[in-house]
Amino acid sequence: MSLAVLFGVFVLTLALGVPVSFSLGIAAVAAFWWEGIPLAVAFQQMTSGMNVFSLLAIPFFIFAGEIMLHGGIATRLINLASAAVGGVKGGLGIVNVLASMLFGGISGSAVADTSALGSILIPAMRAKGYDTDYAVNVTVTSSIAGIMIPPSHNMILFSLAAGGGVSVSALFLAGVVPGAMMCLSLAVAAYIIGARRGYRADPFPGLRRLARAAASAFPGLFTAIIILGGVLGGVFTVTESAAIGALWAVVCTLLVYRELTWRGFVLSVAQSVRTTSVVMLLVGTATAFAYMLALHRVPELLASAMLGFSDDPVILMLLINAALLVLGCIMDMAALILICTPIFLPVATGIGLDPVQFGMVVMMNLGLGLTTPPVGAVLFVGCAIARVRIEEVMGTIWPFYAAILVALALTTFWPPLSLALPRLLLGYGA
């Protein structure tokens, strides 16, 4: 009965429009009360969920992304991408994908990617004769690179939800190749659609301009080198690398590019605090929610039920993918990582899937959910920038969804795609 109370209150509050983090907390408190467990235990679970040292990396990654957004790094990455691939037919679409790959590898946020690059590229694409729906579709789907390509604070949440037994460094490395594969699929889709619609190509600017653009963008790209290089070289922990990366972002935008204004700095701090507060509240309330699930052995029972339904790994992974895709359409990504990981991870490992590989499957599934209605935050941001209704872009976005699903299928059923780098550089699984 307490499970009925837990899920019933959660669904009811969501239906009433209560934010996900509050819905999780209210449902958990209601279930604790029904079970007769002191409510102080519920709040102890919330605080213990947030009182994890590795979570300190999240505000630093978020702050670094906001500084890059307001400090001129995004513009230089766009210039680099344009100089590299702008000469291809429909080239601005491919530029959009490449820029998202570069910026996402620094900011680690799909929403920041869409905000920073979309505000520049969507108007530029329309000025060049590109249709608005095409510009929005490319921008929002390619922004998932910020989730897959490290650093990604969502991978830190996955490690936490998995009980801390999954290495964040291994997760970071595991996202590189699937993220690049996904961007390649999106670039192919952008090229095909651009060619069919007859979008013209800009002339190649020459190697000299490409070299200048690369030199100008390098200080910003060096942020990713600091973060990944420090972790892989054993110089920093993930949390330390996040702090040093954020510090470098401030130094780069303030002293190298000299474009970070006081107003931009204040906006970056305010937005970082706002976003971090939302994430940490989700972590706390989801921890209390997960405690009730664990108390009633829901993950074990669901794993047994799914394994009893079929012992075919392909069928089970298709079921898990379908469940994650549907849930990603209706719930926030961070909340789903914290709720679904303890439930589906035992099933995935039970059929022989590596936890790190499963993390990439979760990231890509839920990342796709950010671009789908009714609660796709990235889709909302892209449409708001372009000033179009969601219905106007949904009819033509399906080829980009198909491109992501191709990458998702490869990530799900071809382990080396995500595990090769962690094994090569970290000796993971050896």
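This structure is a prediction, so every number in the text was calculated from the model and none was measured. Counting of residues starts from 1 at the beginning of each chain's written sequence and follows it residue by residue. Given that this is a predicted model, residues contribute local features only at a pLDDT of at least 70 and side-chain atom pairs are listed and counted only at 80 or more, while totals for whole chains, interfaces and linings are drawn from all residues. The side-chain figures draw on all heavy atoms in the structure; neither hydrogens nor water molecules are used.

Caption draft 1: Looking closely at the packing of aromatic side chains. Each pair of aromatic rings taken from Phe, Tyr and Trp, with Trp reduced to its six-membered ring, is defined by centres within 6.5 Å and is described as stacked if the planes are under 30 degrees apart, edge-to-face if over 60, and tilted in the remaining cases. Overall, the coordinates contain 12 aromatic pairs when judged by the stated rule. Ring centres 6.3 Å apart and planes at 50 degrees place the aromatic pair F158 and F358 in the tilted group. Taken together, the residues F158 in helix α10 (residues 153–161) and F358 in helix α19 (residues 355–369) connect sequence positions 200 residues apart. The pair formed by F158 and F358 is uniform in burial state, with each residue classed as buried. Put simply, DSSP H or I for four residues or longer makes a helix, DSSP E for two residues or longer makes a strand, and each gets a number counted from the N terminus. Only protein chains enter the accessibility calculation, which uses a 1.4 Å probe; a residue whose area is less than 20% of its type maximum is buried, one above 50% is exposed, and one in between is partly exposed.

Caption draft 2: Molecular detail of the side chain of N365. In this fold, N365 is placed in helix α19. Ignoring anything within four residues of it in the chain, the contact list for N365 reads N321, L324, L325 and L408. Residue contacts follow a heavy-atom distance rule, with two residues in contact if any of their heavy atoms lie within 4.5 Å.

Caption draft 3: Summary view of unusual backbone geometry. Located in the positive-phi region is R258, a residue other than glycine, with phi close to 55 degrees. Given the relative accessible area of 69%, R258 is considered exposed. Positioned with a positive phi, R387 is a non-glycine residue whose angle comes to about 60 degrees. Mapped onto the elements, R387 comes out in the loop between α20 (377–386) and α21 (390–394).

Caption draft 4: Layout of the side chain of T371. As for its placement among the helices and strands, T371 is situated in the loop between α19 and α20. For T371, a relative accessible area of 0% puts it in the buried group. Residues adjacent in sequence count toward polar contacts only when both atoms are side-chain atoms; beyond that, a polar contact is any pair of N or O atoms within 3.5 Å, and within protein one must be able to donate a hydrogen and the other to accept it. One polar contact links the side chain of T371 to the main-chain carbonyl oxygen of L368, over a distance of 2.7 Å.

Caption draft 5: Representation of the pattern of salt bridges in the model. Criterion for a salt bridge: a side-chain nitrogen of Lys or Arg within 4 Å of a carboxyl oxygen of Asp or Glu. Using the criterion set out here, one finds four salt bridges in the structure. Linking E259 and R76 is a salt bridge whose minimum nitrogen-to-oxygen distance equals 2.9 Å. Residue E259 is found in the loop between α14 (238–256) and α15 (262–295), and its partner R76 is found in helix α5 (residues 73–85); the two are separated by 183 residues along the sequence. Residue R76 is classed as buried on the basis of its relative accessible area, which comes to 16%. R389 is the salt-bridge partner of E392, the closest N and O atoms lying 3.4 Å from each other.

Caption draft 6: Looking closely at the state of the cysteines. Disulfide assignment relies on a single distance test, namely cysteine sulfur atoms paired within 2.5 Å. Inspection of the entire model under this criterion finds zero disulfides. Free of any disulfide, C183 has its nearest cysteine sulfur in C383, 20 Å distant. Owing to a relative accessible area of 3%, C183 belongs among the buried residues under this scheme.

Caption draft 7: Representation of the environment of F289 within the structure. Residue position: F289 is located in helix α15. C-alpha separation for the pair F289 and M46, spaced 243 residues apart in sequence, amounts to 9.0 Å. For F289, the contacting residues outside a window of four places in its chain are L6, F7, F10, L24, A27, A28 and I339.

Caption draft 8: Here's a closer look at helix α22 (residues 398–413). Take the number of residues in a helix, subtract one, and multiply by 1.5 Å to get its expected span. A rise of 1.5 Å per residue sets the reference length of α22, with its 16 residues, at 22 Å; its end C-alpha atoms lie 22 Å apart and thus fit the reference within 8%. When we look at burial in α22, the residues that qualify are P399, F400, Y401, A403, I404, A407, L408, T411 and T412. Where α22 is buried, its residues contact α8 (132–142), α12 (176–197), α17 (313–330), α19, α21 and α23 (416–426).

Caption draft 9: Focus on the packing of α10 against α19. It is at 11 Å that the axes of α10 and α19 come closest, and there the two elements cross at 130 degrees. Comparing their axes, α19 and α10 come out oblique. The element α10 and its partner α19 pack so that their crossing is right-handed. On the side of α10, the interface is formed by N154, M155 and F158, while α19 contributes P355, F358, G359, M360, V362 and M363. By residue class, the composition of the contact of α10 with α19 is seven nonpolar, two polar and no charged. Axes here refer to lines fitted to C-alpha atoms; in helices the fit is confined to the stretch in contact. Angles between the N-to-C directions go from 0 to 180 degrees. Small angles under 35 degrees read as roughly parallel and large ones over 145 as roughly antiparallel, with 65 to 115 read as roughly perpendicular and the rest as oblique. Take the far helix as your reference; a near helix turned counterclockwise from it by less than a right angle gives a left-handed crossing, and one turned clockwise gives a right-handed crossing. Gly is placed with the polar residues, together with every amino acid not listed as nonpolar (Ala, Val, Leu, Ile, Met, Phe, Trp, Tyr, Cys and Pro) or charged (Asp, Glu, Lys and Arg).

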